[in-house]
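The primary structure of each chain is shown beneath.
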Amino acid sequence: GMGYKNPDVGRVSKAWEEALVLLLEEMDTRQAPFGIGFLSPTCVDASRVSEIRTRKVSVGRALIHLAQSTVTKPAQLVLEEEESRFVHVNTGNAGGGRIRTHCAVAGKPARESGEVDLLLLHGVLGSTYSFRRILEPLSRIGGGQCVAFDRPPFGLSARPRPVSWALAGGRVNPYSLDFGGRHARGVMEEFEMDKVVVVGHSMGASLAIQMAVENPGKVRALVLVAPATRLTLSRVRLPSLVLFLFKIPIIASVLFFMAMGKKATCRASFEKVLERYYFDSSRVDCDDVFYGYTRPMRHSGWVRGAVEIVRAMRDYDSSDDARRLDIPVLILNASHDKIVPRPEVENLQKCIPHAEFQTISDCGHNPHEEKPDV
């Protein structure tokens, strides 16, 4: 294991490793299995590869072993010290009814304290884990509740099948930005939050702006952190043919495996990702961050969710909605953000002339993790 605080993680990693060794026996490879590193929260030790010449097993047996080792219930992935819970959030008839949602909560409702509630919206690949270092401090500052929740397909919330969702009456794709707004309103109702300050990070900033425009009187103010408010499919850097093939679920899954095989959860690849998201990765506990961002990949259905979010992607630009904002807005820009181009943030600032604009120095795309005190 990687020295994680959760003792179960070491056992899960060991099970993964044993399953991968079985697969390698069948493949009869002489190289370290980085090509299938996405299957494991930790890559198999290359020194063990020399041990797999002694016997042969079927791929079927290996895959069964693999499945038994890794299909984990979301509740089993929650650390004991986490202040989180699972609730069934109502997204309305058009939204498709109730969806099992993983939430992290700190503080008491503003109704009881007479203070301010905050709702935190993460971006792509984020989750409640992303806000772990600011949840409690923000609840003290606001005086009310501070609530973060996992939006599908990220974190530990349910990853519904769009077809089943539609048959159940849902008319909005559960992986779309529109559904995100319904989901967020449902979370507010679940925790009896009448009026909130919404903090949106990265793509969560677009959802925050949408919420403020569509729910006047429900949003007190916005804090937009490293805001990603514009997206074109060309920016995703996927060829149009690939995007077309992603419309076919089976082919989409195969393409996803091919694309992510060497990148998703191999520790070496993850450390390269850290360089893009953090200005100084020494400010965070790399082992803890590695576990926090890869644990959703042990949630059954994570591949389906990853495929569906790509299939649900549409061009969007929050500029028009941003111009309609008449509430206080704070834009926090990271000085060394390698994910959101500075011109995009400057464009958002022009769309909201009354917004307060601040730059966090010596910081990457995740200031709430790298510089939580700021």
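The rules behind the values
Residues numbered from 1 in each chain as written. Predicted model: local features only at pLDDT ≥ 70, side-chain atom pairs only at ≥ 80, totals over all residues. Heavy atoms only, no water. Helix = DSSP H or I, 4+ residues; strand = E, 2+ residues; numbered from the N terminus. Contact = heavy atoms within 4.5 Å. Areas by Shrake-Rupley, 256 points an atom, 1.4 Å probe, with all protein chains shown as cover. Phe/Tyr/Trp six-rings, centres within 6.5 Å; stacked < 30°, edge-to-face > 60°. Buried < 20%, exposed > 50% of the residue type's maximum accessible area, 1.4 Å probe, protein only. Salt bridge = Lys/Arg side-chain N within 4 Å of Asp/Glu carboxyl O. Axes fitted to C-alpha atoms, helices over the stretch in contact; angles between N-to-C directions. Parallel < 35°, antiparallel > 145°, perpendicular 65-115°, else oblique. Left-handed = near helix turned anticlockwise from the far one by under 90°. Nonpolar A, V, L, I, M, F, W, Y, C, P; charged D, E, K, R; others polar.

Re the overall build of the protein
Argument step 1. In terms of helices and strands, the protein carries 16 helices and ten strands.
Argument step 2. Put simply, of all contacts in the protein between residues at least 6 apart along the chain, 76% involve residues at least 24 apart.
Argument step 3. Approximately 17900 Å² of the protein is accessible, and the part contributed by carbon and sulfur atoms is 53%.

Some words on the packing of aromatic side chains
Argument step 1. Scanning all chains against the criterion turns up one aromatic pair.
Argument step 2. Residues Y129 and Y293 carry aromatic rings whose centres are separated by 5.6 Å and whose planes lie at 85° to one another, so their mutual orientation is edge-to-face. Highlighted residues: Y129 in the loop between strand 3 (116-121) and helix 5 (135-142) and Y293 in helix 12 (residues 286-294), separated in sequence by 164 residues.
Argument step 3. Residue Y129 is classed as buried on the basis of its relative accessible area, which comes to 8%.

Thoughts on the pattern of salt bridges
Argument step 1. Scanning the entire structure with this criterion turns up nine salt bridges.
Argument step 2. Its salt-bridge partner being E369, residue R132 comes within 3.2 Å of it at the nearest N-O pair. A residue pair is termed long-range when its members are at least 10 positions apart, and R132 in the loop between strand 3 and helix 5 and E369 in helix 16 (residues 367-370) qualify at 237 residues.
Argument step 3. Among the residues examined, R132 registers a relative accessible area of 29% and is labelled partly exposed.
Argument step 4. Of the charged contacts in the structure, one is a salt bridge between D321 and R324, with a shortest N-O distance of 3.6 Å.
Argument step 5. Using a relative accessible area of 25% as the deciding quantity, one classes D321 as partly exposed.
Argument step 6. Put simply, R132, D288 and E369 are held in one network by salt bridges that share partners.

Regarding the packing of helix 7 (residues 177-190) against helix 8 (residues 203-214)
Any two packed helices are characterised by how steeply their axes cross, that is the angle between the axes, and by the distance between the axes.
Argument step 1. Direction vectors running N to C along helix 7 and helix 8 enclose 70°, while the axes themselves pass 10 Å from each other. What the angle tells us is that helix 7 and helix 8 run roughly perpendicular. Pair helix 7 / helix 8 crosses with right-handed handedness. Taking contact as the criterion, the partners of L177, D178, G180, G181, A184, R185 and M188 in helix 7 are, on helix 8, S206, L207, Q210, M211 and E214.
Argument step 2. Looking at the contact of helix 7 with helix 8, its residues break down into five nonpolar, four polar and three charged.

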